[in-house]
Amino acid sequence: MKRKKLFQVFMLAIASSITLNAQNRLTIEADQEKGAISRHIYGHFSEHLGHCIYGGYWVGEEASIPNTRGIRNDVVEALKDVRIPNLRWPGGCFADEYHWMDGIGPRDQRPKMVNTHWGGVVEDNSFGTHEFLDLCEQLDAAPYISGNLGSGTVEEMSKWIEYITFDGESPMANLRRQNGREKPWKVKFWGVGNESWGCGGNMTPDFYSDLYRQYATFCRNYGDNRLYKIACGANGDDYNWTETLMRKAGGRMNGLSLHYYTVPLNWNDKGSATNFDEAEYFATIRKTLFMNELITRHSTIMDRYDPYKRIGLIVDEWGTWYNVEPGTNPGFLYQQNTLRDAIVAGINLNIFNNHSDRVKMANLAQTVNVLQSVILTDEEKMVLTPTYWVFYLYKVHQDATLLPVSFTGNKYRHGNEDIDAVSVSASKDATGKIHVTLVNADLSNEQRIETQLRGISAKKVTGKVLTSAKINDYNSFEQPSNITVKDFKGATLSGGSALSVVLPAKAVVMLEIE
Ligand code: AHR
């Protein structure tokens, strides 16, 4: 009798696990197109902070590290391989202390300053406007310059734009020529202040809105250079900031930013980048998923003032923020990057894709050696992080057409909490290929997903996967290829429209359907 009971319990457990796994249902409307996913969603952010600029990009012309006019070749090549679409610079908090004229002219004559935000180190200004725009040209990426509204002047910002973009006779254009650049550069993306609610001046939304209107007036379009002016947006869930900015200055901006970082614990003790348990991992994913609510709610406010979605929501700082690596300068924000970061990146990028009617740009903080980097360097050595490989997998979405997806599926449960286990987005590229990016955040359970492809008869599916044995595995200078992209064999097509996918636990997958 007892054995019979045990058998029944066993069968019930199997049946319920089958039912659980049978719940994952995905529909991709392959013949419905929802508009373009701007390639600028795959943008990056690099600040004068720690070893992001100095050591990360800039080694100087005399360095033994292979470089082109002082800029590391290995870093440029790696970023070109993920098709970096734009680069935001010079900050961050640094931007509102930066005086651009200190960073032009002969390098040995440039004044030095103290980088008060980031470690109190000396900034010698050897990387300035010309070097940054050279970097963007080498990367074939659009520059996104963040102007100083916090401690600068209207005149200073206005002259910077004239210096960079004016082709005629003028004091600033002539100064540029004197410094070796005859033709102006094209700069479209222009930020008018950064985090003006915090390090950029601790302003109220009303005060900033008025200042924004003033500064933006003197951000001129020279020749055919058309600025896309980005106003400082909210800190996370400060919906009042968005409401005020849209009401008072919405008619004068092209983009409104949003900053949101994934901090597993709290701002005093953010948690370790590599040494964390499942509770901390779960909290990281839960907080990452909050990005969806943030974008939805900020967009709802923007929709009231801008129903035709003329103004882009620009998520120009996102990513994980942990305690710095032990023994490193606390002001340099240097952190390792594990498979957990790849999961976070995959989820965020799927969220941005699915909101690409409103999200027109996003910038991961920060490209090299700072926060959720895609690249780490140590002198001549370079490592591509798990986050890098997510950008590598997802580059197929750049400028592709978003396809609507609907998903019902399993939850990832930890303790008493449930969150979505699977995140997904899909697009169709110019050649008609469909790409689906999927993340399984669940640490232990694979996900079987029955997918219906509506409106097409598919002939072939291939895929790539990023995963590893442990969630805190990472690529080190000693083992740079510990985590890398591999071929994925877990997807099978039948009858042209039914696709079965077995997503491994803690994995990011990209499928290509032809
Ligand atoms: O990315 C690091 C800092 O985070 C930026 O300088 C600032 O804008 C934000 O608070």
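Please read these numbers as outputs of a predicted model, since none were measured by experiment.

Chemist: Is there a simple way to think about helix α4 (residues 154–165) in this case?
Modeler: Owing to its 3.6 residues per turn, the α-helix brings residues three or four apart onto one side. Over its 12 residues, α4 extends 17 Å from the first C-alpha to the last, a length consistent with the 16 Å expected when each residue adds 1.5 Å. In terms of residue burial, α4 counts as a mostly covered element, since 10 of its 12 residues are buried. Every buried residue of α4 is listed here: Val154, Glu156, Met157, Ser158, Trp160, Ile161, Glu162, Tyr163, Ile164 and Thr165.

Chemist: Which parts of the structure should I look at to understand the nonpolar core?
Modeler: Among soluble globular proteins, nonpolar side chains are generally buried collectively. The biggest cluster of nonpolar side chains holds 147 residues, and the ones touching the most others in it are Trp190, Tyr208, Trp318, Phe352, Leu438 and Leu511. If you tally residues by element for this core, the top one is helix α9 (residues 339–354), at 9 residues. If near-sequence neighbours (up to four positions away) are discounted, leucine 438 is found in contact with Leu26, Val422, Ser423, Val424, Ile449, Val501, Leu503, Ala507, Val508, Val509 and Leu511. Counting residues in each nonpolar core, the second largest holds 6 residues, with Phe189, Tyr228, Ile230 and Ile314 among its members.

Chemist: Before we go on, may I ask you to explain the site of the ligand in this structure?
Modeler: Taken together, the residues surrounding the ligand are Phe45, Glu47, Gly92, Cys93, Trp118, Asn194, Glu195, Tyr261, Glu317, Trp321, Gln366 and Leu371. Between an oxygen atom of the ligand and a side-chain N or O atom of glutamate 47, the distance comes to 2.7 Å. One nitrogen or oxygen atom from the side chain of asparagine 194 is found 3.1 Å from an oxygen atom belonging to the ligand. When isolated, the ligand has an accessible area of 280 Å², and the protein chains bury 94% of it. Here the residues of the shell around the ligand are counted per class, giving 6 nonpolar, 3 polar and 3 charged.

Chemist: Hey, could you run me through the state of the cysteines in this one?
Modeler: Disulfide: a covalent bond connecting the sulfur atoms of a pair of cysteines. For the structure shown, the criterion picks out 1 disulfide. In this model, cysteine 93 is linked to cysteine 199 through a disulfide, with the two sulfur atoms separated by 2.2 Å. Between cysteine 93 and cysteine 199, the S-S torsion sits near -90 degrees, and that sign places the bridge as left-handed. Placement of cysteine 93 in the loop between β5 (86–89) and β6 (113–115) and of cysteine 199 in the loop between β9 (189–192) and α6 (205–217) is noted, with a sequence separation of 106 residues between them. What makes cysteine 199 partly exposed here is its relative accessible area of 27%. Summary of cysteine pairing: cysteine 52 is not part of a disulfide, and the nearest cysteine sulfur, belonging to cysteine 136, is at 12 Å. You can call cysteine 52 buried: its relative accessible area is 0%. No disulfide involves cysteine 219; its sulfur sits 14 Å from the nearest other cysteine sulfur, which is in cysteine 232.

Chemist: Sorry if this is basic, but what is going on with the packing of aromatic side chains here?
Modeler: Working definition: an aromatic ring pair is given by the centre-to-centre distance plus the angle between the planes. Counted by the stated rule, this structure contains 25 aromatic pairs. For the pair phenylalanine 189 and tyrosine 228, a centre-to-centre distance of 5.5 Å together with 75 degrees between the ring planes defines the contact as edge-to-face. Of this pair, phenylalanine 189 sits in strand β9 while tyrosine 228 sits in strand β10 (residues 228–235); the two residues are 39 residues apart in sequence, bridging distant segments of the chain. We note that phenylalanine 189, like tyrosine 228, is buried. With centroids separated by 5.7 Å and ring planes inclined at 70 degrees, the aromatic side chains of tyrosine 260 and phenylalanine 290 adopt a geometry described as edge-to-face. Taken as a pair, tyrosine 260 in strand β11 (residues 255–262) and phenylalanine 290 in helix α8 (residues 278–305) lie far apart in primary sequence, 30 residues in all.

Chemist: In this structure, what is going on with the environment of tryptophan 389? I would like to understand it.
Modeler: The residue tryptophan 389 is located in helix α10 (residues 386–394) in this model. Under the relative-accessibility criterion, tryptophan 389 is labelled buried at 15%. Taking the C-alpha atoms as reference points, tryptophan 389 and glutamate 514, 125 residues apart in sequence, are found 23 Å from one another. Residues contacting tryptophan 389, with those up to four places away along its chain left out, are Leu384, Leu466, Asn475, Ile483, Thr484 and Val485.

Chemist: Teacher, can you tell me more about the environment of serine 500 here?
Modeler: Along the chain, serine 500 turns up in strand β26 (residues 498–503). Judged by its relative accessible area of 26%, serine 500 falls in the partly exposed class. Reaching out from serine 500, the side chain makes a polar contact with the side chain of glutamate 450 at a distance of 2.7 Å.

Chemist: I keep staring at the sheet that holds strand β24 (residues 486–487) and nothing clicks. Help me out?
Modeler: Hydrogen bonding along the main chain pairs the strands of a sheet, whether they run parallel or antiparallel. Spatially, β16-β20-β21-β27-β23-β24 is the arrangement adopted by the 6 strands of the open sheet, whose pairing is antiparallel. The open sheet has two edge strands with one neighbour each: β16 (401–403) and β24. For strand β23 (residues 461–466) and β24, the ladder comprises 2 bridges, and the chain directions are antiparallel. Residue lysine 464 lies in a different strand from β24, and its bridge partner there is aspartate 487. Contacting β16, β20 (422–428), β21 (434–440), β23 and β27 (507–513), α9 crosses the sheet at an angle of about 50 degrees to β20. The strands that α10 touches are β21, β23 and β27; relative to β23, the one it contacts most, it runs at about 165 degrees.

Chemist: Can you help me understand the pattern of salt bridges in this one?
Modeler: Once the charged atoms of two side chains with opposite charge are near each other, the side chains can pair. Per the stated rule, a full pass over the model turns up 31 salt bridges. As a salt-bridge pair, glutamate 317 and arginine 88 come within 2.9 Å of each other at their nearest N and O atoms. Of this pair, glutamate 317 sits in strand β12 (residues 312–320) while arginine 88 sits in strand β5, placing them 229 residues apart in sequence. Each member of the salt-bridge network shares a partner with another, and the members are Asp303, Asp306, Lys309, Asp357 and Arg358.

Basis of the calculations
Residues numbered from 1 in each chain as written. Predicted model: local features only at pLDDT ≥ 70, side-chain atom pairs only at ≥ 80, totals over all residues. Heavy atoms only, no water. Helix = DSSP H or I, 4+ residues; strand = E, 2+ residues; numbered from the N terminus. Expected span 1.5 Å × (residues − 1). Buried < 20%, exposed > 50% of the residue type's maximum accessible area, 1.4 Å probe, protein only. Core = buried A, V, L, I, M, F, W, Y, C linked by side-chain atoms within 4.5 Å. Contact = heavy atoms within 4.5 Å. Near = heavy atom within 4 Å. Polar contact = N/O pair within 3.5 Å; in protein donor to acceptor, adjacent residues only side chain to side chain. Areas by Shrake-Rupley, 256 points an atom, 1.4 Å probe, with all protein chains shown as cover. Nonpolar A, V, L, I, M, F, W, Y, C, P; charged D, E, K, R; others polar. Disulfide = S-S within 2.5 Å. Phe/Tyr/Trp six-rings, centres within 6.5 Å; stacked < 30°, edge-to-face > 60°. Pairing = 2+ DSSP bridges. Axes fitted to C-alpha atoms, helices over the stretch in contact; angles between N-to-C directions. Salt bridge = Lys/Arg side-chain N within 4 Å of Asp/Glu carboxyl O.

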